[in-house]
Structure formats: structure tokens, C-alpha cells
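# Close look at the chain arrangement
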Amino acid sequence: MKIVKRERNKIQAEEIANQKAIMAQIRALFAARPLAYVDTYGCQQNEADSETIRGMLDEMGYAFTTDEFEADLIVINTCAIRENAENRVLGNVGALSHTKKAKPSQTIVFCGCLAAVPETVEKIRRSYPQVDLVFAPNLLWMFPELLRRVLTEKGRVFLTDGGDGAVAEGLPVKRDGTVKAWFPIMYGCDNFCSYCIVPHVRGRERSRDPEHVVDEARQLVADGYKDITLLGQNVNSYGAGLDENINFAGLLRQVCEIDGQFLVRFMTSHPKDASVELFRAMADCERAAKQIHLPFQSGSDRILRLMNRGYTHQDYMAKIAQAREFMPDIAITSDVIVGFPGETEADFEDTLRLIENARFDGLFTFIYSRRPGTPAADMEDTVTHEEKHRRFDRLIELQNSISDEQHSKHIGKAMTVLVDGESGDARYPLRARTNGGRLVHLNGDLTLVGSFVEARITHCNSWSLFGEA
Ligand code: 5AD
Ligand code: SF4
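Attention here is on the structure that accompanies the text. (Residues numbered from 1 in each chain as written. Chains lettered and ligands numbered in written order. Predicted model: local features only at pLDDT ≥ 70, side-chain atom pairs only at ≥ 80, totals over all residues. Heavy atoms only, no water.)

### Focus: the overall build of the protein chain
Secondary structure summary: the protein chain contains 13 helices and 21 strands in total. For 469 residues, the compact-globule estimate of 2.2 N^0.38 gives 23 Å, and the C-alpha radius of gyration of the protein chain, at 23 Å, lies within 12% of that figure. Along the first, second and third principal axes, the C-alpha atoms of the protein chain reach 60 × 55 × 50 Å. A total of 469 residues make up the protein chain; the buried ones form 55% of that total. A sequence separation of at least 24 residues applies to 75% of the contacts in the protein chain between residues at least 6 apart. Carbon together with sulfur atoms contributes 49% to the accessible area of the protein chain, which is approximately 19,900 Å² in total. (Helix = DSSP H or I, 4+ residues; strand = E, 2+ residues; numbered from the N terminus. Rg over C-alpha atoms; globule rule 2.2 N^0.38 Å. Buried < 20%, exposed > 50% of the residue type's maximum accessible area, 1.4 Å probe, protein only. Contact = heavy atoms within 4.5 Å. Areas by Shrake-Rupley, 256 points an atom, 1.4 Å probe, with all protein chains shown as cover.)

### Re the sheet that holds strand β17 (residues 414-422)
Strand order in the closed barrel formed by five strands is β17-β18-β19-β21-β20, with mixed pairing between adjacent strands. Each adjacent strand pair in this sheet contributes to an overall mean axis angle of 50°, direction not counted. (Pairing = 2+ DSSP bridges. Axes fitted to C-alpha atoms, helices over the stretch in contact; angles between N-to-C directions.)

### Details of the nonpolar core
Among the nonpolar cores identified, the biggest contains 59 residues, and L57, M60, V75, F110, F143 and L147 are the most heavily contacted of them. Excluding residues within four positions of it along the chain, M60 makes contact with M23, I26, R27, F30, F143, P144 and L147. (Core = buried A, V, L, I, M, F, W, Y, C linked by side-chain atoms within 4.5 Å.)

### Some thoughts on the packing of aromatic side chains
Taken as a whole and judged by the stated rule, the model has ten aromatic pairs. In this structure, R125 is placed above the aromatic ring of F158, and the distance from its NZ or CZ to the ring centre is 4.3 Å. (Phe/Tyr/Trp six-rings, centres within 6.5 Å; stacked < 30°, edge-to-face > 60°. Lys NZ or Arg CZ within 6 Å of the ring centre and 35° of its normal.)

### Thoughts on the site of ligand 2
Around ligand 2 sit C189, N191, F192, C193, Y195, C196, V198, P199, Q233, H270 and R309, and those are all the residues in its vicinity. A breakdown of the residues in the shell around ligand 2 according to their chemical character gives seven nonpolar, three polar and one charged. (Near = heavy atom within 4 Å. Nonpolar A, V, L, I, M, F, W, Y, C, P; charged D, E, K, R; others polar.)

### A few points about the pattern of salt bridges
Summed over all chains, the structure comprises 31 salt bridges. The shortest N-O distance in the salt bridge between D132 and K100 comes to 2.6 Å. With a gap of 32 residues between them, D132 in the loop between α4 (118-127) and β7 (133-135) and K100 in helix α3 (residues 83-102) connect regions that are remote in the sequence. The closest approach of N and O atoms between D284 and R253, which form a salt bridge, is 2.9 Å. Pair noted here: D284 is in helix α9 (residues 276-284) and R253 is in helix α8 (residues 248-256), with a separation of 31 residues, a long-range link. You can call R253 partly exposed: its relative accessible area is 29%. (Salt bridge = Lys/Arg side-chain N within 4 Å of Asp/Glu carboxyl O.)

### Side note on the site of ligand 1
In the neighbourhood of ligand 1, the contacting residues comprise I81, R82, Y195, Q297, D335, I337, F366, I367, Y368, S369 and R371. Within the backbone of Y195, an N or O atom sits 3.0 Å from a nitrogen atom of ligand 1. One nitrogen or oxygen atom from the side chain of D335 is found 2.7 Å from an oxygen atom belonging to ligand 1. Out of a free accessible area of 400 Å², ligand 1 has 86% covered by protein chains. Elements with a contribution of two residues or more to the shell around ligand 1: β15 (331-338) and β16 (362-367). (Polar contact = N/O pair within 3.5 Å; in protein donor to acceptor, adjacent residues only side chain to side chain.)

Any link to function would need more than the numbers given here.
If you want it as C-alpha cells, here you go:
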């Protein structure tokens, strides 16, 4: 089978048109609308991919359910970032042998990052016969063609290699929300941090054309979306390899120039590429949310070198100081890994010191997880499981006290927030976000969903603020 036709790194329009024709053929196979369940694990990129999967399924005639027994088609969009994510996925796929037994006509699809990990694919092939189709994330655009083979030829289909470097435009998307939209602007990653599996499963970094990005953003604004997040593993290197002379700061300015009342966020940023030019663009553009997610991963220069991160503790602190010079109120969030192979108590204390000084608005804390095939997997890991957990708990405790302090600064203040949904809590029925992306539970009328409102913050806990619209 011919896998990828390229014009530079683009999947040709005729190839996409071919997939669309196949979607129509699949639709014609069914007398009544079949039901699909799309189960998504992991990051926002996976959420965005699932929205494309739903868009394609919608065109193929599927309606949607969250009941695994009722579904004619189950799509498991998987995450490979840490071992516990992998175990959770495999446990759930294992349980699908029951739904398949109850409904032998059911089709089960295994895709996302784990579908590009050779060892996992082998496990699926050998021990999970209920799975009918496996395809790697870079081959998402071929889903209609692959599904047609499963539905009409009745064999198992595995396509887990290839498509690296490709960008497919024009696939249908069925978005989950009506206020917030995830929106990939680039794919893959070239940074090869030594612990990370992403560059191995999502392939080389490539950017979407700026015209496509700006057109799609304009359409989102026209459709009423108010909170748009530009996605990429490292948005700060947007534009590398494009013919157009554009970088991420330039793209952000273009998106922010679109007419309408909306906010633009982005994630994730790599500290080594977050530039003064970017901070200036964020500060200049009213529609750019004053928020940045800037993972530091470790506060120890020795560990940062082993991680292949390309900056030091001091570089990182200078970077966030610079961001705050341009935007004194900017909300800064970060990721950190504890228990990297060989991390000593002194290394860990450097991490605590960074957290103490950085005063993050939020921090995502992870225990190092060994990913076969990555360089760190071959490093000697002398830190015990118990010690990793002890360090993890110390980090959480420190950050919680900082988050409490950061949150309490907002009490009594009035601020503009975007109401993006319902909370399910009768006393505070509205869920909203501040410009900096902080969660606010509000009391107020449900008709406010989708609008920017003035809110007074009354109290807080470690995770969110509470207030009145
Ligand atoms: N183990 C633990 N955490 C990891 N991350 C990435 N790879 C690993 C790993 N092998 C974390 C990093 C990254 C976030 C998305 O996940 O902190 O920023
Ligand atoms: Fe992984 Fe590093 Fe790329 Fe982020 S920048 S996806 S941590 S390799």
C-alpha cells in the first residue's frame, strides 16, 4: 500500500479528497446510524486528534455514545508518556474483551502514541485479539481508508510506522466544547529530552502553514469560540522549516489581529526558545492571554544537562523574570519531574529552591517513568521508589502553600473572567477562567456561559478561586 505522498511535507489535497470519498462509502454501508465511542487519554494534542477522529466518524455516519457495550465502534486514543498511563490504557483495552464477547460485531481501534511503540504494538498483536485496527498518530489522516479495510475485509489491520513529517490539512473536526477550542499549529518534537518518548512516537517537528492557522482561527472566532489554545509540543519553534519567514511571535500577532472578543493561549513552550520577541508580542496583544506554561523539569544544572534541556537553573529564572518585566501579572505554570535517574538529595534541593523562588501559579509534578528506547532508560537509576515518592510529596506540599498564597492575592479583587461551562455545583453553578487561565467557580446565571463577565473573588482553595458574577 502506498503510505504517504508528499509535496514537501504536505499530504496532497487529492489524497485527502480520496479519504473523504472513502468516508462517504463507509456511510453508505450502514442502514441505520451506528454508534461510536471515542475514549481519549493524555494531553491536549490527543484531545485535538480525537476531535478529528470524531469529525471523520461523523462524516462516516456514526453517532456517538459513551457506553462501551452499546458501541459498534470503540476508538482508544492512547498516551505513552508514563508507564502508569500505559498500564491504565492496557487494562481498559483488556476489559474490552467482554464488550466484544457481548457484541461480536464490535470494531475496536487502538491509536495514539502507544500505537507507535513497537513493544506495545507487539503486545496488542499477541495478547489483545479483540483489537481490530492499530495505527500510529502520524497516520491519523488515513483512518477512513484503514477502517474501510477492517469493515470490508474482516482482518486485523496494523499500520504503525510511517507518515513521519507529514501535515494533513482539511480533515473534518467535531469539537467538544463551544467556548474553548484546542487547535494544533504544529506536530512532533525535535528536542529529544532524554526521558521523553514523544519525539520517538510523534516524529519530527513540522509546522502548519500560517495561512491555514490564521484561517482556521478566524473560523473559530466566527463560530463563537472565545478561548483558543494554540497547541504544539514546543510552540516556540513554530515556523522552522517553512518557506514563509515567520516565527511563533509573528503567528501570535496575526491570530490576535482577528476581529472579535476572544483570548488566545498556547502550550507548550520550551524555555530555551521562549524569546523576548514572544514576551513583547504577548504584552502588545490585548487578545493574548497573559499566561505561559513553561516546564522547567529540574532545578539542578547537572540533571538538566542529563535531560538534554539546553538551559540552566539560572537561565530559567532569568527567563521568567524577563516575562514578568513585560507582563507583571503574567500567570506562569510549569512541569517538574522528580526521581530522574541518579537524582541526589542535593539535586532535588535545587529543584525545591527553584520552586520556592519562581512562585508558580500552578505546577504539574511527575515521578520519572522509564520509557524504553529513550536515552534515560539506559542511565543508572539509584533512587528508590520510596525516596521518589517522598520527594514527590515534599514538592506537592511546597507548591500547595505557594498556590494558596497566589490564590489568596486575588481575594476581594474584581476581574474579567470568561465563563466557559457549568460546574455541576449548585452554589457555584458556573465554571470560568481568569485571563491567566485560573479556574474560578462562580455563582451567577447559566445564560452567562460563553461570555466575559466581571467577577468579584470571595475565597479560594489550593485548586481554584470562588466568586460572584
Ligand atoms: N517520566 C515522567 N514525566 C515525564 N514527562 C515527560 N516524559 C516523562 C517521563 N518519562 C513529563 C514532563 C513533560 C510532561 C508533559 O510530562 O514534565 O513536560
Ligand atoms: Fe518531550 Fe522535551 Fe519534546 Fe516536551 S520538548 S515533548 S518533554 S522531548
